[in-house]
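Each chain is listed here by its residues.
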Amino acid sequence: MLEISRGLHDKIVAHARADHPDEACGVLAGPAGADRPERFVPMTNAARSPTFYEFDSTEQFRVWREMDERDEEPVVIYHSHTATEAYPSRTDIALAMEPGSHYVLVSTRDEEKTEFRSYRILDGQVTEEPVTVVE
Amino acid sequence: MAIEVRIPTILRTYTDGAKQVEGTGSTLGEVLADLDSRHGGLRDRLVDGGGLRRFVNVYLNDEDVRFLDGLDTPVKDGDTVTVLPAVAGGALFI
C-alpha cells in the first residue's frame with residue numbers, strides 16, 4: 001500500500017500536468033526504512049520525450065548522494081504517461097531497478113482527469129497496490 | 001592502492017550484501033575486472049561488448065565517467081567509484 005499526503009500527491013499531479021505532453025519524472029524521498037514519503041524531488045527528464053523518461057545522470061548522482069547524507073531513500077519513483085494508461089509498460093518493468101521503491105504512474109491522457117496509481121515492481125513482476133491519500 | 005566502489009541495492013547479491021567493496025587498478029576497466037575476480041558476474045551487469053551498459057551510471061568521485069574516458073578513465077588511490085542504475089522508462093517500447 002502507498003500512503004501519501006494530499007500535498008505530495010497534488011505536487012506530482014501538477015508536475016505531470018506542467019510537463020505534458022512530455023513525460024514528467026521524479027522521486028519522493030523519505031527516512032530510510034520508514035516507507036513514508038516526505039520530500040518532493042522533481043527530476044529533469046533528460047529524454048524530454050512524450051514516450052520516454054530518463055533521469056539526468058549528474059542530477060541523479062546529486063540527489064542520491066543527498067538522500068544518503070540525510071539517511072533517506074527513494075520511497076517513490078514517479079513518472080507520467082501522456083497518451084496511455086497509468087500502468088507500467090514493458091519498458092518500465094524492464095528498467096525498474098529500485099526494489100524498495102513504490103513506482104507511481106500518472107496519466108495525463110485525459111485533459112480533465114489525472115490517473116494516479118502505484119505499483120511494486122520486483123523481478124519483472126508488477127503488483128498494483130492501493131493508494132491512500134491522507135488529507 | 002584502494003579504490004572504494006559503492007554498490008547499489010540491486011547489485012548487492014554479488015557482494016554478499018555489501019554496500020561498498022574495494023578494488024585496485026589504474027583505470028576503471030581494471031578496477032571492474034579486479035572486482036569481478038572476487039564477485040563473479042558483477043562486471044557483466046555493468047559492461048557489455050560495447051563498453052558500459054546503457055542504463056548503468058558509473059561515477060568517478062562526482063563525475064559520470066561517460067563525460068570522462070569511460071572504462072579507460074584513470075583512477076588513483078583514494079578515489080571513489082559509485083554505481084547507480086539509471087532511472088528510466090516510459091510508454092515507448094525499447
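Just so you know, the residues in each chain are numbered from 1, in the order the chain's sequence is written. The order in which chains are written sets their letters, starting at A; the order in which ligands are written sets their numbers, starting at 1. Local features in this predicted model are restricted to residues whose pLDDT is 70 or higher, and side-chain atom pairs enter the listing and the counts only when it is 80 or higher, whereas totals over whole chains, interfaces and linings include all residues.

How do you make sense of the interface of chain A and chain B when you look at a structure like this?
It is common to give the size of an interface as the accessible area lost on bringing the parts into contact. Residues are treated as contacting if the C-beta atoms built from their backbones sit within 7 Å of each other. On the chain B side, the residues contacting the 26 residues of chain A number 19 residues. Counting only elements with at least two residues in the side of chain A that touches chain B, the list comes to strand S4 (53–54), helix H2 (57–69), strand S5 (72–81) and helix H3 (90–94) of chain A. Note on conventions: DSSP H or I runs of at least 4 residues are helices, E runs of at least 2 residues are strands, and numbering of each starts at the N terminus. Counting residues per element, the side of chain A that touches chain B draws most heavily on H2 of chain A, which supplies five residues. Ten residue types, Ala, Val, Leu, Ile, Met, Phe, Trp, Tyr, Cys and Pro, are classed as nonpolar, four, Asp, Glu, Lys and Arg, as charged, and the remainder, Gly among them, as polar. Residues of the side of chain A that touches chain B, tallied by class, amount to 10 nonpolar, 11 polar and five charged. Strand pairing is assigned whenever DSSP identifies at least 2 bridges connecting the two strands. Direction of pairing for S4 of chain A relative to strand S8 (residues 88–89) of chain B: antiparallel, over a ladder of two bridges. What sits directly across from Tyr53 of chain A, in S8 of chain B, is Gly89 of chain B.

Mind showing me how you'd approach the environment of Tyr103 of chain A here?
Residue and element names in this part refer to chain A. When you line up the elements, Tyr103 lands in strand S6 (residues 102–107). When the C-alpha atoms of Tyr103 and Glu128 are compared, they prove to be 9.3 Å apart, with 25 residues separating the residues in sequence. When residues no more than four places from it in sequence are discounted, the contact partners of Tyr103 are Ile77, Pro88, Ala96, Ser118, Tyr119 and Ile121.

Even after reading the chapter, I still don't get the nonpolar core, so can you show me in this structure?
Here is a general trend for soluble globular proteins: nonpolar side chains tend to be buried in one another's company. Buried Ala, Val, Leu, Ile, Met, Phe, Trp, Tyr and Cys residues whose C-beta atoms connect them within 7 Å together make up a nonpolar core. To sort residues by exposure, count the other C-beta atoms lying within 10 Å of each residue's C-beta; 20 or more gives buried, 12 or fewer gives exposed, and values between give partly exposed, all with C-beta atoms placed from the backbone. Formed by 33 residues in total, the largest nonpolar core has its most connected members in Val27, Val76, Tyr78, Tyr103, Val104 and Val106 of chain A. Listed by contribution, the elements that provide at least two residues to this core are strand S1 (2–5), helix H1 (6–19), strand S2 (25–31), H2, S5, S6 and strand S7 (115–122) of chain A. Among all residues touching Tyr78 of chain A, those that are not within four sequence positions of it are Ile12, Cys25, Gly26, Val104 and Val106 of chain A. Core analysis: the next-biggest nonpolar cluster, separate from the first, contains 19 residues, Ile7, Leu28, Val58 and Val81 of chain B among them.

I would appreciate a short explanation of the sheet that holds S5 of chain A in the present structure.
Across a sheet, strands are paired by hydrogen bonds formed along the backbone, either parallel or antiparallel in direction. Residues and elements named next belong to chain A. Spatial ordering of the open sheet is given by S3-S2-S5-S6-S7-S8, a layout of six strands whose pairing is mixed. Since the sheet does not close on itself, it has two edges, and those belong to strand S3 (39–43) and strand S8 (125–129), each with one partner. Strand-to-strand twist in this sheet, taken as the mean axis angle between neighbours without regard to direction, amounts to 30°. With five bridges joining them, S7 and S8 adopt antiparallel strand pairing. From the neighbouring strand, Leu122 faces S8, where its bridge partner is Gln125. Axes here mean lines fitted to C-alpha atoms, for a helix over just the part in contact, with angles spanning 0 to 180 degrees between N-to-C directions. The sheet strands contacting H1 are S2, S3, S5, S6 and S7, and the helix crosses S6 at an angle near 50°. Each of S2, S3 and S5 is contacted by H2, which is oriented at about 145° to S5, the strand it contacts most.

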